[in-house]
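Letter by letter, the chains look like this.
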Amino acid sequence: MDCAEIRPYLEPYADGELGVDAVVAVDSHLAECAGCREQVARHRRFRELLRRQLRETAAPELRARVAGAVRREARRRVTPWMAGAAAAALLALVVGLRALAPSSPPAAVAELVAKHVAFSRIDSPVEFAATDGAVLRDWFRERLRVGVTVPDYTPAGIRLLGGRIADTDGRPAAYLLYEKGRTLMSVFMVPGEVFAPGRARTLSYHGATYYEVDLAGQRAVFWSDRDASFGLISALDEDALLECADRLRALRAAEPRA
Ligand SMILES: [Zn+2]
């Protein structure tokens, strides 16, 4: 496997979230690739930094509240590495990224799509399981020290699974995971980052502008406001994603600035 194929798995690998077969595959690549070893080391430093910030800055009362709510799931059972549909999807992702090179979406968005696909391949994609948006907001606030908007999409039949902090180029991104039926939807928020639209399609919905790209069988709708960039990634249809984006945008506009 080459670097492009291995890369989406390096974060789950560093976090100890892959099954035995996947670990063996990543290990054998790392033995021969200094670049990917550096990626793993970088992700471990990033995690350590987050942990240190948490120890140093969390208010005891908030920490206790979050600790009480933590239901960190048991470590995953062995996932068949690259089996069936997973192999096809990852291959499609890699081929898709290459085929799209001349009119590529922003690198940051392609990276988020790769993460969405990789995280959906592990048994439990969330780092912190929460069905209550307020609990998840506290968890993010403690770790990222920014307010993360957690929309309630249950009226649309989309339920919250939990969250994760993902490393996007050394920058922590809040990653919310939802599910409609068996279809996953990721909502990313990258503080302080503005995504360039690249060659994405421009859409207008309820008076707001969004960008859209199709990649690896997934659809990504993204936009930036003055503090952060957002991306919704799923195989759900465009109308559903725009509706969810609109709801997130409206909620965010209504929230006091943190
Ligand atoms: Zn490599």
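These numbers come from a predicted model, not from an experiment.

Basis of the calculations
Residues numbered from 1 in each chain as written. Predicted model: local features only at pLDDT ≥ 70, side-chain atom pairs only at ≥ 80, totals over all residues. Heavy atoms only, no water. Donors = N, O, S within 2.8 Å, 3.2 Å for Na, K, Ca; no water. Tetrahedral: all angles 85-135°; square planar, octahedral: opposite > 155°, others 65-115°. Buried < 20%, exposed > 50% of the residue type's maximum accessible area, 1.4 Å probe, protein only. Pairing = 2+ DSSP bridges. Helix = DSSP H or I, 4+ residues; strand = E, 2+ residues; numbered from the N terminus. Contact = heavy atoms within 4.5 Å. Axes fitted to C-alpha atoms, helices over the stretch in contact; angles between N-to-C directions. Salt bridge = Lys/Arg side-chain N within 4 Å of Asp/Glu carboxyl O.

**Digging into the coordination of the zinc ion**
Perfect tetrahedral coordination of a metal by four donors corresponds to 109.5 degrees between them, and perfect octahedral coordination by six donors corresponds to 90 or 180 degrees.
Here is step 1: Coordination of the zinc ion by the protein is provided by Cys3 (SG), His29 (NE2), Cys33 (SG) and Cys36 (SG), with metal-donor distances spanning 2.1 to 2.3 Å.
Here is step 2: One way to put it: the four donor atoms around the zinc ion meet at angles of 102 to 114 degrees, and that makes the site tetrahedral.
Here is step 3: Mapping the donors of the zinc ion onto the primary sequence yields the spacing C-x25-H-x3-C-x2-C. Both residues of the pair, cysteine 33 and cysteine 36, count as buried.

**A look at the sheet that holds strand β7 (residues 218-224)**
Here is step 1: Reading across from one edge, β1-β2-β3-β4-β8-β7-β6-β5 is the order of the eight strands in this open sheet, with antiparallel pairing throughout. Either end of the sheet is taken by a strand with one partner, and the two such strands are β1 (128-129) and β5 (201-205).
Here is step 2: Of the pairings in the sheet, the one linking β7 to strand β8 (residues 228-234) comprises six bridges and is antiparallel in character. Bridged to arginine 219 within β8 is serine 234.
Here is step 3: Packed onto the sheet, helix α8 (residues 133-144) meets β1, β2 (159-168) and β3 (171-180) and runs at close to 15 degrees relative to β2.

**Focus: the pattern of salt bridges**
Here is step 1: The final tally for this structure, using the stated rule, is 13 salt bridges.
Here is step 2: With a shortest N-O distance of 2.8 Å, arginine 164 and glutamate 17 are connected by a salt bridge. With arginine 164 in strand β2 and glutamate 17 in the loop between α2 (10-14) and α3 (20-30), this residue pair connects regions lying 147 residues apart in the sequence. Glutamate 17 carries the same exposure label as arginine 164, and that label is buried.
Here is step 3: A salt bridge links aspartate 225 to arginine 252, with the shortest nitrogen-to-oxygen separation between them at 2.7 Å. In this pair, aspartate 225 sits in the loop between β7 and β8 while arginine 252 sits in helix α9 (residues 238-254), placing the two residues 27 residues apart along the sequence.
Here is step 4: On the basis of relative accessibility, which here comes to 14%, the residue arginine 252 falls in the buried class.
Here is step 5: Salt bridges sharing partners connect three or more residues here, namely Arg201, Glu212, Asp214 and Arg219.

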